[in-house]
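# Chain and residue survey
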Amino acid sequence: MSGEKTKYELSNLPSFLSNFTVKLNSAEMPEKCVEELIDASKNFFSVEDYAYVIKDQSHGTIKPKVMAMGRWVLEKKKISVIPVDDSAFLFLPLFSRRHDIGYVVMRITDDIGDLKMKYMDVESLLSFETSMVIDNMLLTGELIKKNEYVSEARAYLENVLNSLKYAVVVASVRKGEEFSNKPYKELIEKNKEIVNYIEDISQESLIYRKEVSREVEVNQSFYSLYAVPVQLSSGLKIVISIQDITNTKELERLQKIDKMKDNFVATISHELKTPLAAILAYSETLLESAESIDTDTLKSFARTIKNESEHLANIIEEMINFSKVSSNSLTMAFGRVDLVKILKDTYDGLKINALSNNVKFSLEIPEDLVNAYVTADPKRIIQVMDNLVSNAFKYNDSKTPEVKINIRSEDEGYIISVWDNGSPIPAEEREKIFEKFYRGSNSGNISGTGLGLTIVKEIIDLHKGKIWIDDVENCSFSFFLPKRDWLNILK
């Protein structure tokens, strides 16, 4: 069970993770998934021996007193490296939202003081993905046992579990059904009576102009119907989604697993409604009363519509960027660029915004720092700066708000900071602030999707840098970019 010590180059991480995912999805048993996890771990740690526990079943030869520590690590749900006697042991907890699955213990020969956090971060990702695949296996096994008498139900539930594709039909006021996807067509072919329920819920949503949900039983099967009115330029549409919830408990578990997606939809829906409502309200007023409105009011209305449209465009752009981040397809146009110029351009572009928000805004560049060349995508770095500075403007709760940008040179690279004199981010929230959809306690009623800082961190990571929250009395974000031309070094 020994493994030769090798260190994996993280520049090939997307390919490595892709291959690991393929191997996990090809595994037929949870034990095989764990073996794949251990093999992958050998790229980052020198593994001499290992053992693991899945659903209280032990495998391997690690001493019992060491294995007993695994239960503590599983309770903490955080990977750990613990020295025992003359050895070091890497503990990986395996768990899901439903339950604890088990844990993996590996005896490593690496020096604990030498362990790199980036390897630990990758290891966390590997164990998380392994946990999800094993949990899906266990859940699938439960579903098969409970539904052996209906092979079609088994196939359907597996499809829902793996793809989460629901039956969808779109109806209009005049034309009736305008669109339906393949799952919907398959549904009505085998259960035509459900069409009556779909028509009823569509009419109710149309009449009351509101979202309507209902659960119905048709031929000993249960369905969840959800209808929502959507006003488009071509007229009012009713979008109906149909989900088979015959096995209610199992589907509730799936919904918990998919909770992050639900939060995303809820957050984005809320964010989109506000600017859309303002645009519609001011547009209708202009259309109905344009002749009687004075010029200043017209300009004010037009300015509001423009601002809300820009807000809407920013939300959509943020969603697109997040989608690219999630699929590892965020594009970069790297080159050697001057950070000093980028900061000056950013400052000039945001001065008007600062003035309109009554913010004292400044840029501090050392006199001896004429240029600061780094390998970067200038548009993405400007995107990072725009996000950090805009947040400083938006969330600053000081009565006399002030925001500063500064840059300083270090041996290995440059550190750019965005400081404001608002309340600091609580220490307990700092580890979560870059997580997707997370919004801090100081966000209050201020609009936001909780995606901006997630995208910022991904951009900085792709630039071989890092970002953090400074430990200061006020609020300050800093990020580091290396001086070396790593792009040409890789080439």
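Provided above is the structure to which this section pertains.
Figured I'd write up the structure that's included with this text.

The rules we used
Residues numbered from 1 in each chain as written. Predicted model: local features only at pLDDT ≥ 70, side-chain atom pairs only at ≥ 80, totals over all residues. Heavy atoms only, no water. Helix = DSSP H or I, 4+ residues; strand = E, 2+ residues; numbered from the N terminus. Buried < 20%, exposed > 50% of the residue type's maximum accessible area, 1.4 Å probe, protein only. Areas by Shrake-Rupley, 256 points an atom, 1.4 Å probe, with all protein chains shown as cover. Pairing = 2+ DSSP bridges. Polar contact = N/O pair within 3.5 Å; in protein donor to acceptor, adjacent residues only side chain to side chain. Contact = heavy atoms within 4.5 Å. Axes fitted to C-alpha atoms, helices over the stretch in contact; angles between N-to-C directions. Core = buried A, V, L, I, M, F, W, Y, C linked by side-chain atoms within 4.5 Å. Phe/Tyr/Trp six-rings, centres within 6.5 Å; stacked < 30°, edge-to-face > 60°.

## Remarks on the overall build of the protein chain
What the protein chain contains, in helices and strands, is 15 helices and 17 strands. Per-residue burial over the protein chain gives 42% buried out of 491 residues. Surface accessibility of the protein chain: about 27800 Å² in total, with carbon and sulfur atoms responsible for 50%.

## Points about the pairing of strand β8 (residues 212–218)
Of the strand pairs in this sheet, β8 and strand β9 (residues 221–232) are connected by 7 bridges, and their pairing is antiparallel. The partner of V212 across the bridge, within β9, is A227. Adjacent in sequence and paired antiparallel, β8 and β9 are bridged by 2 residues, among which N219 carries a positive phi angle near 50 degrees.

## Details of the side chain of N421
Looking at the secondary structure, you find N421 in the loop between β15 (413–420) and α14 (452–462). The exposure class of N421 is buried, given its relative accessible area of 17%. One polar contact links the side chain of N421 to the main-chain carbonyl oxygen of T400, over a distance of 2.9 Å. With near-sequence residues (within four places) excluded, N421 lies in contact with N396, S398, T400, P401, E402 and N474.

## Some points on unusual backbone geometry
A positive phi angle is found at K55, which is not glycine, with a value near 50 degrees. Structurally, the position occupied by K55 is in the loop between β1 (47–54) and β2 (57–60). Although it is not a glycine, K77 sits at a positive phi angle of roughly 55 degrees. Mapped onto the elements, K77 comes out in the loop between α4 (69–76) and β3 (80–84).

## Structural notes on the sheet that holds strand β12 (residues 360–364)
Strand order in this open sheet of 5 strands is β12-β14-β15-β17-β16, and the pairing throughout is mixed. The open sheet has two free edges, formed respectively by β12 and β16 (466–469), since each of these has just one partner strand. This sheet shows a mean twist of 15 degrees between the axes of neighbouring strands, independent of strand direction. Here β12 pairs with strand β14 (residues 402–409) via 5 bridges, running parallel. Paired with E364 across the strands is N406, a residue of β14. On the sheet, helix α12 (residues 339–356) packs against β12, β14, β15 and β17 (475–482) and is oriented at approximately 170 degrees with respect to β12.

## Some details on the nonpolar core
Counting 43 residues, the largest nonpolar core has L339, F361, I416 and F479 as the members making the most contacts within it. The set of elements that each furnish at least two residues to this core consists of α12, β13 (373–376), α13 (378–395), β14, β15, α14, β16 and β17. Ranked by size, the runner-up nonpolar core spans 32 residues in total, among them A27, I38, I54 and M106.

## A word on the packing of aromatic side chains
How two aromatic rings sit relative to each other is given by the distance of their centres and the angle of their planes. Overall, the coordinates contain 5 aromatic pairs when judged by the stated rule. Relative to F361, the ring of Y347 has its centre 4.9 Å away and its plane inclined at 40 degrees; by these criteria the two rings are tilted. Of the two residues, Y347 is situated in helix α12 and F361 in strand β12; the sequence distance between them amounts to 14 residues. Grouping residues by exposure puts Y347 and F361 together as buried. An angle of 90 degrees between the planes, with centres 6.1 Å apart, marks the rings of F434 and F477 as edge-to-face. In this pair, F434 is assigned in the loop between β15 and α14 and F477 in strand β17, connecting sequence segments 43 residues apart. Here F434 and F477 have matching classes, each one buried.

## Focus: the environment of D397
Within the secondary structure, D397 sits in the loop between α13 and β14. Counting along the chain gives 25 residues from D397 to G422, while the straight-line C-alpha distance between them is 5.1 Å. Setting aside anything within four residues of it in sequence, one finds D397 in contact with G422 and S423. A polar contact is formed between the side chain of D397 and the side chain of S423, at a distance of 2.6 Å.

## Brief notes about α14
An α-helical turn contains 3.6 residues, so a residue and the one three or four places further along point in the same direction. Those residues of α14 not exposed but buried are G452, L453, T454, I455, V456, I459 and I460. Positive phi appears at K464, one or two residues downstream of α14, with a value of about 60 degrees.

## A short note on the side chain of H463
Note that H463 resides in the loop between α14 and β16. In this structure H463 comes out as buried when scored by relative accessible area, which is 0%. Apart from residues no more than four positions distant in its own chain, H463 is found in contact with M332, F334, T375, A376, D377, R380, I381, L481, P482 and W486.

## Focus: the sheet that holds strand β10 (residues 235–244)
Strand order across the open sheet formed by 5 strands is β7-β6-β10-β9-β8, with antiparallel pairing between neighbours. In this open sheet, the two edge strands, each paired with only one partner strand, are β7 (176–180) and β8. With strand direction ignored, the average angle separating the axes of adjacent strands in the sheet is 25 degrees. Running at roughly 95 degrees to strand β6 (residues 167–172), helix α7 (residues 182–190) makes contact with β6, β7, β9 and β10 of the sheet. Its contacts with the sheet put helix α8 (residues 194–208) on β6, β8, β9 and β10, and the angle it makes with β8 is roughly 165 degrees.

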